[in-house]
Amino acid sequence: RLQREHPKKLQAHTMQRTIVRGGKAAANMVSSKRTYIRPAYNLAKKIMPKISDTEAAALSSGTISWDQDLFSGDLALKKLVDTYDSKLTAEEQSFLDNETEVLCEMLDQHQIEKEQNLSPEVWQFIREKKFFGMVMPKKWGGLGFSGHGHAVVIEKIGGRSPAAATTIAVPNSLGPGELLNHYGTPEQQQYYLPRLAHGIDIPCFGLTGPASGSDAASMRDEGIVVKENGVLGMRVTFSKRYITLAPVATVVGLAFKLADPNKLLTTGKEGITVALLPTQANPICPNGIPGLRTGERHNPLDIGFMNGTVQGESVFIPMSAVIGGEERCGFGWNMLMECLGEGRGISLPAGAVAAARLCTMAVGGYARVRKQFKVPIAEMEGVQEKLSNIGMYTYQVVAAQAMFDAVLANGEKPPVLSAIMKHECTEKGRKATNDGMDVMGGAGISRGPMNFLAPVYISTPVSITVEGANALTRSLIIYGQGLTRSHPHLLHMIKAIQDGDNQEGFNKELTNVIKHAFTNMGRSVTRGLAVQVVPKGNDISGYYEAQMSRLSANFAFCADVGLTMGGGIKTAEFLSGRYADILSNLYMGYSCLWYYEKNKHVEGLDKVLDMAMADHCFKIQEAIFGISSNFPIPLMGPVMRAFTFPRGREYAEASDKMRRAVSQSITNPSEVRALLSQNVFVSKDEKNRVNQISRAVSLACEADGYLAACRRAKRQPTAEEQKVIDEAEVLRELIIQVDAFDTIAGQNHKGEWMKATWTADAVEGAQQSAAQ
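Quick notes on the rules
- Residues numbered from 1 in each chain as written.
- Predicted model: local features only at pLDDT ≥ 70, side-chain atom pairs only at ≥ 80, totals over all residues.
- Heavy atoms only, no water.
- Core = buried A, V, L, I, M, F, W, Y, C linked by side-chain atoms within 4.5 Å.
- Buried < 20%, exposed > 50% of the residue type's maximum accessible area, 1.4 Å probe, protein only.
- Helix = DSSP H or I, 4+ residues; strand = E, 2+ residues; numbered from the N terminus.
- Contact = heavy atoms within 4.5 Å.
- pLDDT = per-residue confidence, 0-100.
- Pairing = 2+ DSSP bridges.
- Salt bridge = Lys/Arg side-chain N within 4 Å of Asp/Glu carboxyl O.
- Patch = residues over 30% accessible without salt bridge, like charges linked within 9 Å, V, L, I, M, F, W, Y side chains within 5 Å.
- Areas by Shrake-Rupley, 256 points an atom, 1.4 Å probe, with all protein chains shown as cover.
- Lys, Arg positive; Asp, Glu negative; His and termini not counted.
- Charge placed at Lys NZ, Arg CZ, Asp CG, Glu CD.
- Axes fitted to C-alpha atoms, helices over the stretch in contact; angles between N-to-C directions.
- Parallel < 35°, antiparallel > 145°, perpendicular 65-115°, else oblique.
- Left-handed = near helix turned anticlockwise from the far one by under 90°.
- Nonpolar A, V, L, I, M, F, W, Y, C, P; charged D, E, K, R; others polar.

Asks: Mind showing me how you'd approach the nonpolar core here?
Replies: The nonpolar side chains of a soluble globular protein tend to be buried with one another. Membership of the largest hydrophobic core comes to 215 residues, with the highest contact counts inside it found for W66, I157, L277, I317, Y395 and Y587. With 16 residues, the top contributor of residues to this core is helix α17 (residues 381-409).

Asks: Whenever I open this one, the environment of A246 confuses me. Can you help?
Replies: With respect to the helices and strands, the residue A246 is situated in the loop between β3 (231-244) and β4 (251-259). Of the residues examined, A246 reaches a relative accessible area of 0% and is grouped as buried. With 179 residues separating them in the primary sequence, A246 and C425 have C-alpha atoms 27 Å apart. Among residues more than four places away in sequence, those in contact with A246 are C204, T294, G295, G308, T309 and V310.

Asks: Just checking my understanding: could you explain the confidence of the model for the protein chain for this structure?
Replies: Interpretation of the predicted coordinates at a detailed level should be avoided for regions scoring low in pLDDT. Taken residue by residue, the protein chain gives an average pLDDT of 90. The fraction at 70 or more is 91%. Contacts for the low-pLDDT stretch residues 1-36, under 50 throughout, to residues beyond four places or in other chains number 42 contacts.

Asks: When you look at the pairing of β3 in this model, what are you seeing that I'm missing?
Replies: The side chains of a regular strand alternate between the sheet's two faces. Across 7 bridges, strand β2 (residues 222-228) lies against β3 in antiparallel orientation. Bridge pairing in β3 links K227 to L232. Between β2 and β3, which follow one another and run antiparallel, lie 2 residues, and N229 among them has a positive phi close to 55°. Relative to strand β7 (residues 307-318), β3 runs antiparallel, the two being bridged by 9 bridges. In the sheet register, K240 faces β7, and the bridge partner there is V310.

Asks: So what exactly am I meant to see when it comes to the pattern of salt bridges here?
Replies: When the charged atoms of two side chains lie near each other, side chains of opposite charge can form a pair. Counted according to the given criterion, the structure contains 32 salt bridges. The closest approach of N and O atoms between R660 and E381, which form a salt bridge, is 3.1 Å. Remark: E381 occurs in helix α17 and R660 occurs in helix α28 (residues 656-667); sequence separation between them is 279 residues. Its salt-bridge partner being D704, residue R732 comes within 3.8 Å of it at the nearest N-O pair. With R732 in helix α31 (residues 719-735) and D704 in helix α30 (residues 689-713), this pair connects stretches of sequence that are 28 residues apart.

Asks: Would you explain a negative patch on the surface in this entry?
Replies: On the surface, a cluster of negative charge is contributed by E702, E720, D726 and E727. The element best represented in the negative patch is α31, accounting for 3 residues. On the secondary structure map, D726 appears in helix α31. You can call D726 partly exposed: its relative accessible area is 40%.

Asks: I keep staring at the packing of helix α11 (residues 147-160) against helix α16 (residues 347-369) and nothing clicks. Help me out?
Replies: Two packed helices can be described by the angle between their axes and the distance between those axes. The geometry of α11 relative to α16 is characterised by a closest axis approach of 8 Å and an angle of 50° between their N-to-C directions. Taken together, the axes of α11 and α16 are oblique relative to one another. The element α11 and its partner α16 pack so that their crossing is right-handed. Residues H150, A151, I154, E155, G158 and G159 of α11 lie in contact with α16, whose contacting residues are S347, A350, V353, A354, R357 and L358. Of the residues that constitute the contact of α11 with α16, the class distribution is 6 nonpolar, 4 polar and 2 charged.

Rendered as structure tokens:
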């Protein structure tokens, strides 16, 4: 019956069984040799990647989540739906609806950029209302918010003021509070944590230096253990830059390399160490830290948040300042990897989600209100192309954020997914903002209080750059760390090699790798055949789940083939970047499917899902073709292609029909527009541009409907219809205006110096002299 009704499925099933049996037979041949082939073992020792101490710390930090299932090519959407969920607590929702709303109303990004600082009232409100202590446990006086609670607060503020969002994000993600909470001594915790939670102390963290950006472990900041006046401590020289909040910080987290040439340490060890330096004497450091210099400012794109330097030459730091005390000397890198990676997946993506949501809500609304050639620009296909991108990017980052927050809520701390979140969300936030600027036109480039998009646009490069520049995050971290960390057997095999003459352990793990490779080969082929008979129909989620299942098996097989390069894959950044693209798009794609299952009641959301998933499938396909076309080992590229896409390319970019549907969904009143615009702050001030757009969209649609009906019926509007039309026109006229100033930067552009002091006769005389 199976052969009669589903011949392709039977063929796929039979082929998978044959391939898997062949893989098991090959693996059994390996495992039957108790000592294996010595030359192969020696070759593996040469080509497999070496793991440094800093890499080992990164690999041992956090946890592995469902990214491991992607390397196994076997992930079920139902597992994600049943396991993960992200919801705000009542306290988090109340804080979002009250304190965060009040703060957003207080913020004026235009004024912040003019003053290059938050107002004194805003600083006081942020500190008193515990915005700096959102993730701090309640027992220390903090709010005890979840990652999701933290994210949505930053998100709401980010759409209003990037400067304020950055100011609040740092103490909750990159500050020393998390390190103190996990590793601090009881004395350090009891003194510092309540002060940080209540905003009495302002923290910063000094990691980046002139020679160490994305490669933070290569820092030149060094210290030597000394004992002076009976006090054990360190003499440290350091120069840090790009440190957010440093100019106003009262406590400075500092990472440096510690040496102990005189063997004064009784516990702990040499290596990267983290200390907390107060700018004034306190009970932990009774003499303060003489020689610590903060206060100088950088100017990140005129955004207006505090950012600057932390410096000192041969500064004496008492051992009491080391977070965790003497026993934690040398463990700083482990501590940083364990605690600070989570923030990479929350704060920076939240800013990107804020940008995308703002574009959906305000740019989408502006396109409905703004008219050219007597029609809303939202109806022009050139504009719809940009708007559909905005809708798609917004859906993708919202889904990814919700998924990652749900993973954290499940007690997991996956650094690989955190890196994916940072890269994918900030890149998509940038693209959404760029498309938004294209739609806004002149209104987007004219600075002033009316321009709601320019501050987000200008601040975008900051999120792209910090916490690991995106170019290096993609080419080095996502796949380089993901392969070693998330592959079910690779790390065990590397450890077996690094253990020394452990041929038995190597033999066992190599057997597992071979079995794994053949299993993935079978899945790659059979699922590639099976999806050919899966119609899209009305079950769009089921259709794309089948595609993701096929593509995850393709990825797992290609990853196994990539192991033939050994450690060379770490430096082949063109290839590792493409592998990262596949892994990232698999995460994003499954997140989109998961989010749809959680929100499938939203009318029209299937149209957005369709475009988003078409985008992910196409990008995965192109990355696989890029890898197979450029793989350096002969024949391996064609092998990859043969077992992944034997029929050639099968996925295409979004169609015009998809784009039109998504564009319409964010430029008209709809459930999709409401969902993707959630958490965008709308001021109560009716002069505020976002407020005006939020009111105008429904009114403009209603007015345009009346005008169209009148044209069809060749009649005049009724009094009631005319009232709506007039109201819409008033709002439309307000919304299309831009800011204009008598002077800018205090300069009189019509001063005496602008008057010509020469005459036409003089010019003509000079020209005649030159001609002669």
